[in-house]
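# An overview of the molecular structure
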Amino acid sequence: MKRMIKLLSVALCLSIVLSASLVGVFALSLNGITLGEKHKATADEADLIKDETVYVTANADGTVDKIIVSDWIKNNKKATTIRDVAALGDIENVKTDASFTLDSDNMRVWQADGADLYLEGTGTQPLPVDLSVTYTLDGKVIDPKELAGKSGRVTIRFDYTNNAYENVTIDGKQERIYVPFLMMSGMILDSGKFDNVEVTNGKVVSDGDRTIVAGIAFPGLQHDLGLSRDEVNIPDYFEVSADTTDFALDTTITIASNALGKELDPDDLDSLDDLGDSLNQLESAMTALIDGSSQLYTGLDTLLAKSGELVSGVDQLYDGAVQLSDGAKQVDNGAGQLNDGAKKLSDGAAALSAGSVSVDIGALDLSNGLSTLSANNTALTNGSARTFTAILATARKSLVEAGLDVPELTPDNYATILNSLLDQLSEKNIKAQAEQTARAKVSAAVEENRAAVTAAVTEAVRQNVQAEVTAGVRAQVTEQVLAAAGYSAADYNAAVAAGMVDAATQAQISGAIDAQMASAQVQNTISTLTEQNMQGEQAQAAIAQNTEAQIENLIEQNMQNEEVQQGIAAALAQAKAGRDSISALKEQLDSYNTFDKGLKTYTGGVGSASAGARQLQGGTSQLRSGSSELKTGTDTLSNGASTLKNGTAQLSTGADTLRDGILTMKNGMPALVEGVSQLRSGSMQLSDGLKQFNDEGISKITSLLKDNVGDLVSRVKATIRVSQNYKSYSGLADGMDGYVKFIYKTEEIN
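Residues numbered from 1 in each chain as written. Predicted model: local features only at pLDDT ≥ 70, side-chain atom pairs only at ≥ 80, totals over all residues. Heavy atoms only, no water.

## A look at the confidence of the model for the chain
For the record, the criterion: The quantity known as pLDDT measures the predictor's confidence residue by residue, on a range of 0 to 100. Strands here are runs of E lasting at least two residues and helices are runs of H or I lasting at least four, both read from the DSSP assignment and numbered beginning at the N terminus. Throughout, a residue-residue contact means that at least one pair of heavy atoms, one from each residue, lies within 4.5 Å.
On average, residues of the chain score 79 in pLDDT, and 74% of them reach the 70 mark or higher. Taken element by element, the chain is modelled with least confidence in helix α1 (residues 2-26), mean pLDDT 39, and with most confidence in strand β10 (residues 152-162), mean pLDDT 98. Predicted confidence for residues 1-43 stays below pLDDT 50, and this span has 66 contacts to residues more than four positions away or in other chains.

In structure tokens, the structure reads:
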């Protein structure tokens, strides 16, 4: 368990530490390249996908000790059989019961029955990437077996040899292109044993107690891209150095994957073919940009000199606009309040006059109608109560006639009583009662035959006892016959085995034994001993125990009798029918109970509304008379106020617009002056920066890429395709897609 925790810790730390390192490495040339979604979609749509993990256990120097291959074959189309060509030894199915047969092509045909396969076997093929780990102490190479416990400056170097490649044609020439494996190696160093840790092509992270070291390499990728190390140096090894005391090293983990190549789409690189043509345009644009930046500085210098005069004039203009806007706003506010009040007053008076007539008529009708309804309230509530009582009595009568003990039902207790009945008639309770009743009947019937059962058991015990007694008597008779012939039992058996007793003698002795066993004396002895043993405590206990066991067995057998089970099922069916009837009855009673309560609420509301309606009708008559006179006066006031408001609103709006515009101009003047000043300074920096950017960046980039871009794009495409062609270590059958990753684990040094 401790070794497994260490292994998982190294793998997890490796993935975390390298997350930042990968960003820097892949920033070399991925600009403009998109993920290969078409390739991924094709793989995901395959009928069969082999997800393969190859575990390599290695010695401390990286030499291979054992290769274990784990294959997960995803059966996306739920095929009944799966053909697999995996070149593995000792292959076995580690998760399901599926087995295989060999077809005419010597391929395994697994009976998958629509499920995925999880296979494991021993690797027999060479690895695509060989791992070599070398150790030096104080500058001298040392065998890892001798390194444990040593102190000094130690260096551990991981070298990776890429063996997987294809010969492809690039621009008319045959080229060897290696599968672009990403190698990630990691280890955890005890901070008490290692200090001053340095790493090449990797990263170091420390939490105080431990130092996590991770490295990255791309063996063969420098060759694939045809790049000089003077231009770009792609790492193909990983090295860590440290001061060590009492050297000890836990397991190291190396992960190899070509997943990066599989995630890129070579067709998307076609856009880089035009990069060479664009470089000339980039150089021309940079020249024009530098010239324009110089002209920009001259114009901004003139604009800054005139900014002071403009600020003074805008300030004076804004002061006057504020005074004009304030005065216009005060006039418009007063006119607006007058107009709003007059209009509301006129509208309200008109609505009041028109509505008062309708209200007066409606109040009278409402009062008369509610009085009529209120007179019937008592009759309605009493009738509903009597009806509910009658319904409950009828329901109880039906339940009692069905054989149920039910007390008197009331609106307050019917729900509790019916719910209790439903619980009593539950399937669990009824089944228990039915089985208890049936078992009592079956037990009584079996008990009636106890004497016959006891007799049968007694006879069986007698047969066993007699057989044991006969065997004992025969042994005594045999000893007597052999003694008469001059033998002991042991000597006689040894002589027969050695061939020293002829067949005739053996037959004579056997006949003598049989004759004595058949004699009346011996038979009487056997009978007497048998009867004595039958009366013994052991025999009687066996008879009693076996009799009870037979009784219980007969009861259980009869309980499974079809007639008994049908009786239990009938009781359950009858109980279910009764339960359903009671449930339906309760729903009906609940519905009427809801109606009865709603009726009482309704009649109470009608009584209250009738009293209020009578008071309302008296006031509406007075309102109708006064509202007509009010409407005539408010109409005249509203017309005059509206004319005044139209004029003041136009004045206020114009003044506000003028003031806001000047304020915006005034507020922006300091920013304008500051912006012009900063823009002038920035334009000078821009001009100088553009010249430096052109000299140190653009010119060098265009010089490098003009000669190499075409060849680089072709090689990148070829490398991606070679990576996408490598899908499995153990092999893929026709129509099967796949992914593969390798995990190398070196042994500890301690």
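Let us keep going from here.
## Quick word on the sheet that holds strand β2 (residues 64-75)
To be explicit about the condition: Strands were regarded as paired on the criterion that DSSP finds at least two bridges between them. Lines fitted to the C-alpha atoms define the axes, with helices restricted to the stretch that makes contact. Angles between their N-to-C directions range from 0 to 180 degrees.
Pairing is mixed in the open sheet, where nine strands are placed in the order β4-β7-β2-β1-β19-β18-β13-β16-β15. Since the sheet does not close on itself, it has two edges, and those belong to β4 (88-93) and β15 (202-206), each with one partner. The sheet shows a mean angle of 15° between the axes of neighbouring strands, direction not considered.

## Notes on the side chain of Lys-50
Note the threshold: For each residue, the accessible area found with a 1.4 Å probe, counting protein chains only, is set against the maximum for its type, and the residue is called buried under 20%, exposed over 50%, and partly exposed in between. Here a polar contact means two N or O atoms within 3.5 Å. Within protein one must be a hydrogen donor candidate and the other an acceptor candidate, and residues neighboring in sequence count only if both atoms are side-chain atoms.
Relative to the helices and strands, Lys-50 is located in strand β1 (residues 48-58). By relative accessible area, which is 0% here, Lys-50 ends up buried. There is a polar contact of 3.4 Å between the side chain of Lys-50 and the side chain of Ser-730.

## Observations concerning the packing of helix α11 (residues 450-484) against helix α15 (residues 537-559)
Between two packed helices, both the angle of their axes relative to each other and the distance between the axes serve to describe the pair. Short version of the rule: In these notes the angle categories are as follows: under 35 degrees is roughly parallel, over 145 is roughly antiparallel, 65 to 115 is roughly perpendicular, and the rest is oblique. Crossings are sorted by hand: turned counterclockwise from the far helix by less than a right angle, the near helix makes the crossing left-handed, and turned clockwise it makes it right-handed. Residues are grouped as follows: nonpolar covers Ala, Val, Leu, Ile, Met, Phe, Trp, Tyr, Cys and Pro; charged covers Asp, Glu, Lys and Arg; every other residue, Gly included, is treated as polar.
At their nearest, the axes of α11 and α15 sit 9 Å apart, and the two run at 130° to each other. If you check the angle between α11 and α15, you find them oblique. The way α11 lies across α15 gives a crossing that is right-handed. Touching Arg-450, Val-453, Thr-454, Val-457, Thr-458 and Val-461 of α11 are Ala-539, Ile-543, Asn-546, Thr-547, Glu-548, Gln-550, Ile-551 and Leu-554, all from α15. Of the residues belonging to the contact of α11 with α15, the class tally is seven nonpolar, five polar and two charged.

## A short note on the nonpolar core
The following threshold applies: For this analysis, a nonpolar core means a set of buried residues of the types Ala, Val, Leu, Ile, Met, Phe, Trp, Tyr and Cys, connected via side-chain atoms within 4.5 Å.
Ile-156 and Phe-742 are the most contacted members of the largest nonpolar core, which totals 57 residues. Counting residues per element, this core draws most heavily on strand β8 (residues 129-137), at five residues. The residues touching Phe-742, leaving out its near neighbours within four places in the chain, are Val-54, Leu-127, Pro-128, Phe-181, Thr-254, Ile-255, Ala-256, Tyr-726 and Tyr-729. Ala-438, Ala-495, Ile-509 and Ile-543 belong to the second-largest nonpolar core, a separate cluster that totals 29 residues.

## A word on the environment of Ala-259
Position of Ala-259 among the secondary structure elements: in helix α5 (residues 259-262). Overall, the relative accessible area of 38% leaves Ala-259 in the partly exposed class.

## A word on the sheet that holds strand β3 (residues 81-84)
Taking strand neighbours across the sheet as the criterion, the three strands line up as β3-β6-β5 in an open arrangement whose pairing is antiparallel. Two strands close off the open sheet at either side, each with one partner strand: β3 and β5 (100-102). Looking at each pair of strands side by side, their axes are set apart by 25° on average, direction ignored. Sheet topology places β3 next to strand β6 (residues 108-111); four bridges connect them, and they run antiparallel. The residue bridging Asp-84 from the neighbouring strand is Arg-108, located in β6.

## Brief notes about the pairing of β1
Burial analysis of β1 places nine of its eleven residues in the buried class, the great majority of the element. Two strands pair when backbone bridges link them, and β1 and β2 are joined in this way by eleven bridges, in the antiparallel orientation. Opposite Val-56, over in β2, you have Ile-67 as the bridge partner. Two successive antiparallel strands, β1 and β2, enclose a turn made up of five residues, where Gly-62 displays a positive phi of approximately 95°.

## Considering a negative patch on the surface
Stated formally: Patch membership needs two things, relative accessible area over 30% and no salt bridge, and members are linked within 9 Å if like-charged or within 5 Å if nonpolar (Val, Leu, Ile, Met, Phe, Trp, Tyr). Here the accessible surface of atoms and residues is derived via Shrake-Rupley with a 1.4 Å probe, and residues count as covered only by protein chains that are part of the display. The rule for a salt bridge is simple: a side-chain nitrogen of Lys or Arg has to be within 4 Å of a carboxyl oxygen of Asp or Glu. By the counting rule applied here, Lys and Arg register as positive and Asp and Glu as negative, while His and the ends of each chain are not counted. Lysine's charge is taken at NZ, arginine's at CZ, aspartate's at CG and glutamate's at CD.
On the surface, Asp-61, Asp-65, Asp-143, Glu-146 and Glu-747 cluster together into a negatively charged patch. By secondary structure assignment, the location of Glu-146 is in helix α3 (residues 144-147).

## Brief notes about unusual backbone geometry
For Lys-78, which is not glycine, the phi dihedral falls at a positive 55°. Structurally, Lys-78 can be placed in the loop between β2 and β3.

## Focus: α11
For the record, the criterion: A helix is expected to span 1.5 Å for every residue after the first.
Helix length check: α11, at 35 residues, gives a terminal C-alpha distance of 51 Å against a target of 51 Å (1.5 Å per residue), a fit within 8%. Listing the buried residues of α11 in full gives Val-453, Val-457, Val-461, Val-465, Val-469, Val-473, Val-477, Val-481 and Leu-482. Those residues of α11 hidden inside the fold are in contact with α12 (489-498), α13 (503-518), α14 (520-534) and α15. Note on α11: the residue one or two positions beyond its end, Gly-486, has a positive phi of about 90°.

## Regarding the pattern of salt bridges
In total, this model carries 18 salt bridges according to the counting rule given. Arg-450 is paired through a salt bridge with Glu-447; the nearest N and O atoms lie 2.8 Å apart. For Arg-450, the salt bridge identified is with Glu-548, shortest N-O distance 2.8 Å. With Arg-450 in helix α11 and Glu-548 in helix α15, this pair connects stretches of sequence that are 98 residues apart. Among the residues examined, Glu-548 registers a relative accessible area of 38% and is labelled partly exposed. By sharing partners, the salt bridges in this structure join Lys-50, Asp-71 and Asp-84 into a single network.

## Some points on helix α10 (residues 427-447)
Each α-helix turn comprises 3.6 residues. Residues three or four places apart therefore point the same way. The condition is simple: Of all possible arcs, the one meant is that of the directions from the helix axis to the C-beta atoms.
The terminal C-alpha atoms of α10 lie 30 Å apart, and with 21 residues this matches the ideal 30 Å at 1.5 Å per residue to within 8%. Looking only at α10, the buried set comprises Ile-430, Ala-434, Ala-438, Val-442 and Val-446. Angular distribution of buried residues about the axis of α10 spans 125°; they occupy a single face of the element. Seen from the open side of α10, the exposed residues pointing more than 90 degrees away from its buried face are Lys-428 and Gln-436.

## Things to note about the packing of aromatic side chains
Heads up, the condition is: The pairing test for Phe, Tyr and Trp rings, Trp by its six-membered ring, is centres within 6.5 Å, and the orientation test on the planes gives stacked under 30 degrees, edge-to-face over 60, and tilted for anything in between. Over a ring means this: the NZ of a Lys or the CZ of an Arg is within 6 Å of the ring centre and within 35 degrees of the ring normal.
Scanning the entire structure with this criterion turns up twelve aromatic pairs. Relative to Phe-742, the ring of Phe-181 lies with its centre 6.1 Å away and its plane at 75°, an arrangement referred to as edge-to-face. Of the two residues, Phe-181 sits in the loop between β12 (173-178) and β13 (182-190) while Phe-742 sits in strand β19 (residues 736-746), which places them 561 residues apart along the sequence. Residue Phe-181 shares its accessibility class with Phe-742, and that shared class is buried. Seen from the ring of Trp-72, Lys-74 lies directly overhead, with NZ or CZ sitting 4.5 Å from the centre. Geometry around Phe-100 places Arg-108 over its ring, the cationic atom sitting 5.7 Å from the centre.

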